[in-house]
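Take a look at the letters that make up each chain.
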Amino acid sequence: MASPPDTSKTAKLERYNSYIRRVNSTKLLAASSKLLFRVTLLVALILIFYFTFNYPPASDTPHLHTTSHLLSSAFYGSGAGWEKEVRRSSTPHRQDGFSVLVTGAGGFVGTHCSLALKKRGDGVLGLDNFNSYYDPSLKRARQKVLKQHEIFIVEGDLNDGELLAKLFDIVPFTHILHLAAQAGVRYAMENPQSYIRSNIAGFVNLLEVAKNADPQPAIVWASSSSVYGLNTENPFSESHRTDRPASLYAATKKAGEEIAHTYNHIYGLSLTGLRFFTVYGPWGRPDMAYFFFTKDILQGKPINIYQTHDNKEVARDFTFIDDVVKGCLGALDTAEKSTGKGGKKRGPAQLRVYNLGNTSPVTVGKLVSILESLLNVKAKKHVIKMPRNGDVPFTHANVSLAYNDFGYKPTTDLATGLRKFVKWYVSYYGIQSRVKGSNPSG
């Protein structure tokens, strides 16, 4: 009798063959998926480059798009939506209105000037890197105020040539109000390179882009009263010596004035430098004496009041922000057009320098007395000799040139200006205090 067939071996063989088929099928599926993914990615990249180069964003003026500018636009501004914001903010809303690029728009003077320009119908686009030299939250708060008035700030650095070129590609700026800078005399001893990067390299970078713009914008920029340095003639006049700076900050601002002369001479850029004298007021800088004196007096901390080494009181020509804003707008309104085209000078161009001060120096001791009265708090004063850190003992502006050329006339005395500052200070920081005339909720 024949034995039955051995089915166990057949079954095992079939299970093994089935296992091999599944493994091969899985490998094939995985390989197919990888291939499909790579093909899809390649097609997507081809489509992106095709539409980028063949359908560039629309602009009000002809311009050249380069690969670097397109990539910069994508990185900095999320493409078309960002460009729309840039155009909207910089478009004037009055006949013959300006289109102004305000550098340092998140700063003290930049915020006030941007608001004033927008209020009268000019187009304003801000540029700021929101660095941490002082509390960035204050700069962000200013940015929020500007946003409420439909002023857009591009977050970027002056040394980013690609970004600047992109902005000039999008907007035919009529003017630049260049207020971005590394400020402060004493900080230069801690971080000197920051002054070179911002006040010299950044300024040159901006001028390089401006000289190649079509049309070339007229430029008004912030110099400083610090350029007078060791000058002893009073009041300080634009014709006085400025070749003896007392600080690196002053030296970079003086270098800026010489650089401005060069770009005016070679490229026909219209340039106006404004030498600010100790600007103060609401939304001011926390590194300024009036600001941190207010803070320390309210907190019961002692304050240092400097005297010169021959026992004289230190005095400053404190200038209220509203007066400085009027000076900045006056300089913009009287700035003549640049004469260059395509990076080449076509004729003589305007080159000016003005003092913007209050013409009434006040001692630091008097400043403290006014703050004591306004805050209704007695300061804990510590009188010490002025350290050799680059500060000068006295400033006093002669503003007759600015008055003659664009009607600059400061009208705010220190007591009035400090009262406005203190009212803002207690409101902004939510301080319930004995401050005279303050209303923290208003």
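Fair warning: this is a prediction, and the values are worked out from it, not measured in the lab.

## Observations concerning the nonpolar core
Among the nonpolar cores identified, the biggest contains 75 residues, and Val 109, Leu 177, Phe 276, Tyr 290 and Leu 418 are the most heavily contacted of them. If near-sequence neighbours (up to four positions away) are discounted, Tyr 290 is found in contact with Phe 108, Val 279, Tyr 280, Gly 281, Gly 284, Arg 285, Leu 367, Leu 371, Leu 418 and Phe 421. Counting residues in each nonpolar core, the second largest holds 31 residues, with Leu 206, Ala 210, Ile 259 and Tyr 267 among its members.

## Focus: the packing of aromatic side chains
Evaluated as defined, the whole model comprises 30 aromatic pairs. With a centroid separation of 4.7 Å and an interplanar angle of 35°, the aromatic rings of Phe 203 and Trp 221 are classed as tilted. Of this pair, Phe 203 sits in helix H7 (residues 192-212) while Trp 221 is found in strand S5 (residues 218-222), placing the two residues 18 residues apart along the sequence. Between Trp 424 and Tyr 425, the ring centres sit 6.4 Å apart and the planes meet at 70°, which makes this aromatic pair edge-to-face. Judged by its relative accessible area of 11%, Trp 424 is buried. In textbook terms, an aromatic cluster arises when at least three aromatic residues are bridged by ring pairs, as seen for Tyr 280, Trp 283, Tyr 290, Phe 291, Phe 318, Phe 320, Phe 421, Trp 424, Tyr 425, Tyr 428 and Tyr 429. Positioned above the aromatic ring of Tyr 134 is the side chain of Lys 139, whose terminal nitrogen or guanidinium carbon lies 4.6 Å from the ring centre.

## Looking at unusual backbone geometry
In the segment running from Asp 214 into Pro 215, the intervening peptide bond is cis, with an omega of 10°. Assignment of secondary structure puts Pro 215 in the loop between H7 and S5. In this chain, Asn 234 is followed by Pro 235 through a cis amide linkage whose omega measures -10°. Residues other than glycine seldom take positive phi values, yet Asn 311 does so here, at roughly 65°. Turning to its location among the elements, Asn 311 is positioned in the loop between strand S8 (302-307) and strand S9 (315-316).

Parameters and conventions
- Residues numbered from 1 in each chain as written.
- Predicted model: local features only at pLDDT ≥ 70, side-chain atom pairs only at ≥ 80, totals over all residues.
- Heavy atoms only, no water.
- Core = buried A, V, L, I, M, F, W, Y, C linked by side-chain atoms within 4.5 Å.
- Buried < 20%, exposed > 50% of the residue type's maximum accessible area, 1.4 Å probe, protein only.
- Contact = heavy atoms within 4.5 Å.
- Phe/Tyr/Trp six-rings, centres within 6.5 Å; stacked < 30°, edge-to-face > 60°.
- Helix = DSSP H or I, 4+ residues; strand = E, 2+ residues; numbered from the N terminus.
- Lys NZ or Arg CZ within 6 Å of the ring centre and 35° of its normal.

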